[in-house]
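# Structural description and commentary
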Amino acid sequence: MTWYWTKEDAPVWDAGKQAVFGPDGLAATGLVPPADGAPLADEWWRVTDSGGAVVGYGWLDSEWGDAQITFLVAPGRRGAGLGEFIVARLEQEAAGRGLNYIYNVVPATHPDPAWMTRWLTGHGFTVSGSGDLRRRVRHEAQHS
Amino acid sequence: MTAADYDEKIPNNVDLREDRRLQRALESWQPNFLDWWESMGPTLPTQDVYLRTAVNVGREGWAHFGHVPMRDYRWGIFLAERDAGRQIGFGQHKGEPPWQQVPGEYRADLQRLIVIQGDTEPASVEQQRNLGATAPSLYDLRNLFQVNVEEGRHLWAMVYLLHAYFGREGREEAEELLHRNSGSVDAPRILGAFNEETPDWLSFYMFTYFTDRDGKYQLGTLKESGFDPLSRTCEFMLKEEAHHMMVGTTGVDRVVERTAQVMVENDTDDVAALGAIPLPVIQKYLNFHYSVSLDLFGSETSTNVANYYTAGIKGRWLEDRRRDDHKLTDDGIMVEALTPEGEIGQTEVSALTGLNTDLRREYIADCAGGVKRWNRILEQAGLAQRLKLPHIAFNRKVGAFSGIEASPDGEQLAAEEWQRRQGQWLPTDTDKTHVRSLMRPVYERGKIAAWIAPPRQGINGQPFDYDYVHLS
């Protein structure tokens, strides 16, 4: 399966995102959606499959050298390695920005926070003192 | 409350002796800090240095000057005086009394912010540890060490907050602050810009002007925090930080002054062979340090920073001087962006999510003051050349312009043109080699290297030829 990673230069809360997220996706990511068509904060990328269908999103919130990553795999597309693909691309983006660590916060609204935490720790994230899950950015990720 | 207690093992003005458990915890961290200072601090052996030590946090006479062996420097914990009438100045808690303990719902965010701030303090000491070997004068060497010991004290300030208010997790984070090291492959410092060695004194002055200034603006936002101990800690740190700004500002002043002098005396722009740093090279160093520092503010929009503001944990620069409702829920701001056509432009976003941009703009306006000052030196020398800040899209790795290349004038460039021309705007290996070739130590009282002018005044009323440092 080939997936494509595309930066959204001016991300907005459009119909495409609304369809992929739904109430479950919002709960899983803790995203508070703005009004229909309004700009979204942070840097956003969408993932499409070879047929052009949007299969996921990843976004990065950087401030004073730190970077929070959040991602969502579209319903019906889970279990195919897309989450791993998105995290790897977000790590690559972080490396390109000179960032040394990325972290994720599992929101209290997540339907299965224990599963999400296990998934992240299984992908090299460790629970930090402030409760977030953090991973050292591998800078060779820029060139992979 | 304001006078520091110097009878204690850890000087402080927070009544540490009243909390034995906290005192023991910090006293057990102290030897680890000293080990870190020995292994990662300045490498040049010294007997003693003419240093400023904080003794009081009040307006008058807050510091004492004297010759001190650096290992015996009294790193302490000082918070600005408590303002009994203070109210939180912004966000959803505006008008409420500030918090004396960490609110549970903001604990993780506050801890993260304190750890990041704390991580930068020892990082810069590590970056600058070898600079003493090439100091242009004893005056400059003393200033370097003053910056270093105060960055060490700023680490103490953040470690105190972690120990006093964040329990076991805070203590673990305090240990980690000593385990991460600048440039380490396995455990680097958090911010990318704090992982490169400061290789020469021009870089040091640029770093203290541009990158330390970025730190000043971050501290300014934390000074507004509803968490009162953090606010008071940052307020006092800003007082010390002013000296670090002075070292950068006057350091670049003196490099520009000397270059201008050599240009005029020899009626040439090509001063490299005459032992000075050519103006175009100074401009390239400025371009590099400024653009890298712009990246430290993060992307143009940020959900986290909006949440921090609404929660009352991180405000804006000089929040009380802003003439708005200090909540920003209905306000907008224009931020830098690429247009749908891929050109450099702006777009309007919520003022809350645009707070990184707001802070970056305050910083840019401040940076412009330095350039104006340096150009005045050129003007007074009768020279037509001028320095300038590059365009905000130049050499950016973070945010809206990270995917494009732009010249210092803001002209968008194709990648191959950027590759071909970047040596015109950023320091090349040749530039760096020339600057480093000038870095020879001058340790004789009253003498100074040929590439930099002497300061107009010494430290604490002492003359330039004072014995600021006694080497071993």
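Residues numbered from 1 in each chain as written. Chains lettered and ligands numbered in written order. Predicted model: local features only at pLDDT ≥ 70, side-chain atom pairs only at ≥ 80, totals over all residues.

With that settled, consider the overall build of chain B. Per the secondary structure count, chain B includes 11 helices and seven strands. Relative to the globule expectation of 23 Å for 472 residues, the C-alpha radius of gyration of chain B, 23 Å, shows essentially globular dimensions. Considered along the principal axes of its C-alpha atoms, chain B spans approximately 65 × 60 × 45 Å. Taking all contacts inside chain B whose residues are at least 6 apart in sequence as the whole, residues at least 24 apart take part in 69%. (Helix = DSSP H or I, 4+ residues; strand = E, 2+ residues; numbered from the N terminus. Rg over C-alpha atoms; globule rule 2.2 N^0.38 Å. Contact = placed C-beta atoms within 7 Å.)

What follows concerns the pairing of strand S5 (residues 101–104) of chain A. All names here are of chain A. Here S5 shows two buried faces, one formed by Tyr101 and Tyr103 and the other by Ile102 and Asn104. Sheet analysis places S5 next to strand S7 (residues 133–136), joined by four bridges and oriented antiparallel. Paired with Ile102 across the bridge in S7 is Arg135. (Buried ≥ 20, exposed ≤ 12 C-beta atoms within 10 Å, placed from the backbone. Pairing = 2+ DSSP bridges.)

A word on the nonpolar core. Grouped together as the largest cluster of nonpolar side chains are 150 residues, with contacts concentrated most on A:Ile102, B:Val159, B:Met206, B:Val255 and B:Ile282. When residues in this core are grouped by element, the largest group, 16 residues, is from helix H3 (residues 138–165) of chain B. (Core = buried A, V, L, I, M, F, W, Y, C linked by C-beta atoms within 7 Å.)

Here the focus is the sheet that holds strand S1 (residues 46–54) of chain B. Residues and elements named next belong to chain B. One open sheet holds the three strands; their spatial order is S2-S1-S7, and the pairing between them is antiparallel. The open sheet terminates on both sides in strands that have one partner only, identified here as strand S2 (63–68) and strand S7 (469–471). Going from strand to strand, the sheet's axes swing by 15° on average, the running direction of each strand aside. Pairing of S1 with S7 involves three bridges; the strand directions are antiparallel. Considered in S7, the bridge of Asp48 is made with His470. The strands that H3 touches are S1 and S7; relative to S1, the one it contacts most, it runs at about 60°. (Axes fitted to C-alpha atoms, helices over the stretch in contact; angles between N-to-C directions.)

For the rest of this paragraph, the subject is the confidence of the model for chain B. Residues with a pLDDT of 70 or more make up 99% of chain B, whose mean pLDDT is 95. Interface predicted TM-score (ipTM) for the complex: 0.91; the corresponding pTM is 0.94. (pLDDT = per-residue confidence, 0-100.)

Contacts between the two partners involve 24 residues from chain A and, on the opposite side, 36 residues from chain B. For the side of chain A that touches chain B, the secondary structure elements donating two or more residues are strand S3 (54–63) and strand S4 (66–73) of chain A. Top contributing element to the side of chain A that touches chain B by residue count: S3(A), with three residues.

Residues and elements named next belong to chain B. Note that Phe401 resides in the loop between helix H9 (355–380) and strand S5 (405–406). When the C-alpha positions of Phe401 and Glu300 are compared, they lie 9.7 Å apart, and in sequence the two are 101 residues distant. Once residues within four sequence positions are removed from consideration, Phe401 is found in contact with Glu336, Ile344, Ala393, Arg396 and Ala406.

For the rest of this paragraph, the subject is unusual backbone geometry. All names here are of chain B. Residue His326 is not a glycine yet carries a positive backbone phi of 60°. Position of His326 among the secondary structure elements: in the loop between helix H8 (303–311) and strand S3 (332–338). Residue class for His326 comes out partly exposed when judged on the 18 C-beta atoms lying within 10 Å of it. The backbone of Asn460 sits at a positive phi, close to 55°, despite the residue not being glycine. Topologically, Asn460 is positioned in the loop between helix H11 (429–437) and S7. The class for Asn460 is exposed, based on 12 C-beta atoms found within 10 Å.

On to helix H1 (residues 15–29) of chain A. Residue and element names in this part refer to chain A. For H1, which comprises 15 residues, the first-to-last C-alpha distance of 18 Å sits more than 12% below the rise-based estimate of 21 Å (1.5 Å per residue). Of all the bends in H1, the greatest reaches close to 80° and is centred on Gly22; the proline Pro23 follows between one and four positions later. The complete set of buried residues in H1 reads Lys17, Val20, Phe21, Gly25, Ala28 and Thr29. The secondary structure elements touched by the buried residues of H1 are S3 and S4. Remark: Gly30 follows H1 within two positions and exhibits a positive phi of approximately 75°. (Expected span 1.5 Å × (residues − 1). Bend = angle between axes of the 7 residues up to and from the residue.)

Below, the discussion takes up the packing of H3(B) against helix H4 (residues 167–179) of chain B. All names here are of chain B. It is the contact of H3 with H4, at a shortest axis distance of 7 Å, that shows an interaxial angle of 155°. Between H3 and H4, the angle falls in the class roughly antiparallel. Between H3 and H4, the contacting residues are Leu155, Val159, Leu162, His163 and Tyr165 on the first element and Gly170, Arg171, Glu173, Ala174 and Leu177 on the second. Taken together, the residues that form the contact of H3 with H4 break down as six nonpolar, two polar and two charged. (Parallel < 35°, antiparallel > 145°, perpendicular 65-115°, else oblique. Nonpolar A, V, L, I, M, F, W, Y, C, P; charged D, E, K, R; others polar.)

Right, let's get into helix H2 (residues 107–127) of chain B. Relative to the 30 Å expected for 21 residues at 1.5 Å per residue, H2(B) spans 30 Å between its end C-alpha atoms, a close match to the ideal helical length. The element H2(B) is extensively covered by neighbouring structure, given that 18 of its 21 residues are classed as buried.

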